[in-house]
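# Residue-level structural notes
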Amino acid sequence: MASQAKPQTKPINLALQGGGAHGAFTWGVLDALLEDGRLTFEGISAASAGAMNAAVMAYGHNKGGAEKARELLEAFWSEISQAGAFYRPVSQAWMPHTWALDLQDSNAAMTSAFWQILSRYSPFNINPLNYNPIRGVLEKILDCDTLRHCKAPQLFITATNVRTGTPKIFTNKEMCIECLLASAALPYMFQPQEIDGEFYWDGGYMGNPSLWPLFYEARCRDILLVHVNPIVREEVPESGAEIENRLNEITFNAALLKELRAIDFVKKLLHEDMLKEHHKSRYKDILLHAIRTDDVMRGLSAASKFDTDWGFLCDLRDMGRAAAQDWLQKHFKNIGKSASVDIQRDYLNIS
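Residues numbered from 1 in each chain as written. Predicted model: local features only at pLDDT ≥ 70, side-chain atom pairs only at ≥ 80, totals over all residues. Heavy atoms only, no water.

### Regarding the packing of helix 2 (residues 49-83) against helix 5 (residues 133-141)
- Relative orientation of the contacting elements helix 2 and helix 5 amounts to 150°, with a least axis distance of 9 Å. What the angle tells us is that helix 2 and helix 5 run roughly antiparallel. The chirality of how helix 2 crosses helix 5 is right-handed. Side by side, helix 2 and helix 5 meet where M52, V56, Y59, L72, A75, F76, E79, I80 and A83 of the first sit next to P133, I134, V137, L138, K140 and I141 of the second. (Axes fitted to C-alpha atoms, helices over the stretch in contact; angles between N-to-C directions. Helix = DSSP H or I, 4+ residues; strand = E, 2+ residues; numbered from the N terminus. Parallel < 35°, antiparallel > 145°, perpendicular 65-115°, else oblique. Left-handed = near helix turned anticlockwise from the far one by under 90°. Contact = heavy atoms within 4.5 Å.)

See below:
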């Protein structure tokens, strides 16, 4: 019996946004891409929850290929769900929970009130021991020594240096649990993470995610950007919670939009032959692709980023899987040939 031919594979880089529990959407995207088997991953740039997904995927891939990566991603989010019970103000044990993905869910409203109160206080006061349930999950799932010695995929994990206000990129050779915790250290929840005498907050403030490491450190031109934070909201926020949520979305998208503008500028220089010949080799014609989540995430409250109910996480995973499968069907043919995103139309001149 003839062996079944392996599918054609193409290299790609991934750029994974952070967004708390909404990172389960990205879990679903990665699960579908790994299951499909037609992509190889050269570099992964990520922040916050995206960094967790990136590290677990890379570790699993090095331990046992795509299926091991899928297995460990599911294990990671299952552990997150269990550990997150510490922070859930409404326990499923005494209040039945059904997740309609909208702002009217009674549990979401109570969770929102809880986090609004929490945001008024410092983690140095309310969490003086700096307890972080994610540490235990990462220590259970990952062996960072393996990540430090793996060659592919290359990891680029962004954290924000509190002192300088600049991004710090942690690579494979530096990888440790503290790097990942630093990338996800939201200032109102956790004290800044100390690494080698410097202190770091969530990487999303300076790069959600940072694209530039993929320009300089990866050979592949293709970047698949997996969104978690909506770019566009048509409605004007009115309540305090809505205003804070939209400000957070704008803040966490700001650095990304600047980088996309830079990509678009370089593409114009290259395509219109505006560079001298000896300068052209210094620039890369990036082929950008994206999986957008605006329609999904616009229906969720900011509080849902902190909800680790397993049913909710699985709903997001399933939506991520569906989005990735749709993207593969429409755009796999573009990889290595052309961008499937028009930066000007889709990001810079949105009407």
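### A few points about unusual backbone geometry
- A152 connects to P153 through a cis peptide bond whose omega is -5°.
- Within the secondary structure layout, P153 lies in the loop between helix 6 (144-149) and strand 3 (154-161).
- Cis geometry marks the peptide bond from N208 to P209; its omega dihedral reads -5°.
- Examined against the element boundaries, P209 turns out to sit in the loop between strand 6 (198-202) and helix 8 (212-217).
- Of note, S48 is a non-glycine position whose phi angle comes to about 55°, a positive value.
- Its place among the elements puts S48 in the loop between strand 2 (39-47) and helix 2.
- With a phi close to 55°, N130 is a non-glycine residue in the positive phi region.
- Turning to its location among the elements, N130 is positioned in the loop between helix 4 (123-126) and helix 5.

### Description of the packing of helix 1 (residues 23-36) against helix 2
- Helix 2 packs onto helix 1 with a crossing angle of 20° between their chain directions and a minimal axis gap of 9 Å. In this view, helix 1 runs roughly parallel relative to helix 2, as classed from their interaxial angle. For helix 1 against helix 2, the interelement crossing comes out right-handed. Two secondary-structure elements touch here, helix 1 through G23, A24, T26, W27, L30, D31, L34 and E35 and helix 2 through A49, N53, M57, H61, A66, A69, R70, L73, E74 and W77.

### Description of the packing of aromatic side chains
- For the coordinates displayed, the defined rule picks out 6 aromatic pairs.
- With centroids separated by 6.2 Å and ring planes inclined at 65°, the aromatic side chains of F215 and Y216 adopt a geometry described as edge-to-face.
- Residue Y216 is classed as exposed on the basis of its relative accessible area, which comes to 61%.
- By way of ring pairs, the aromatic residues W27, F76, W77 and W310 are connected into one cluster.
- The ring of F332 is capped by K10, whose NZ or CZ atom sits 4.5 Å from the centre of that ring.
- Geometry around Y347 places R292 over its ring, the cationic atom sitting 4.8 Å from the centre. (Phe/Tyr/Trp six-rings, centres within 6.5 Å; stacked < 30°, edge-to-face > 60°. Buried < 20%, exposed > 50% of the residue type's maximum accessible area, 1.4 Å probe, protein only. Lys NZ or Arg CZ within 6 Å of the ring centre and 35° of its normal.)

### Points about the confidence of the model for the protein chain
- For the protein chain, the mean per-residue pLDDT works out to 87, and 87% of the residues sit at or above 70.
- Counting contacts from residues 90-108, a segment whose pLDDT is below 50, to residues more than four positions away or on other chains yields 29 contacts. (pLDDT = per-residue confidence, 0-100.)

### Focus: the pairing of strand 3
- Among the 8 residues of strand 3, 7 are classified as buried, and the element is accordingly described as predominantly covered.
- Here strand 2 runs beside strand 3; their pairing, made up of 5 bridges, is parallel. Within strand 3, the residue paired with A46 across the bridge is I157.
- When strand 3 meets strand 4 (residues 167-171), the two strands line up antiparallel, connected through 5 bridges. When the sheet's bridge partners are listed, I157 is paired in strand 4 with F170.
- Bridging between strand 3 and strand 6 involves 3 bridges; their strand directions are antiparallel. Along strand 6, the bridge assignment pairs N161 with Y200. (Pairing = 2+ DSSP bridges.)

### Brief notes about the pattern of salt bridges
- All told, the structure shown has 23 salt bridges when counted by the stated rule.
- In this structure, the salt-bridge partner of D145 is R148, at a minimum N-O distance of 3.7 Å. Linking D145 with R148, this pair stays in helix 6, spanning 3 residues, or about one helical turn.
- D145 gets classed as partly exposed once you look at its relative accessible area, which sits at 38%.
- When its relative accessible area of 33% is taken as the criterion, R148 is described as partly exposed.
- E249 serves as the salt-bridge partner of R233, at 2.8 Å between the closest nitrogen and oxygen. Of this pair, R233 sits in the loop between strand 7 (222-226) and helix 9 (240-271) while E249 sits in helix 9, placing them 16 residues apart in sequence. A single burial state applies to R233 and to E249, both of which are buried.
- Each of D31, E35, E67, R70 and R321 takes part in salt bridges that share partners, so that together they form one network. (Salt bridge = Lys/Arg side-chain N within 4 Å of Asp/Glu carboxyl O.)

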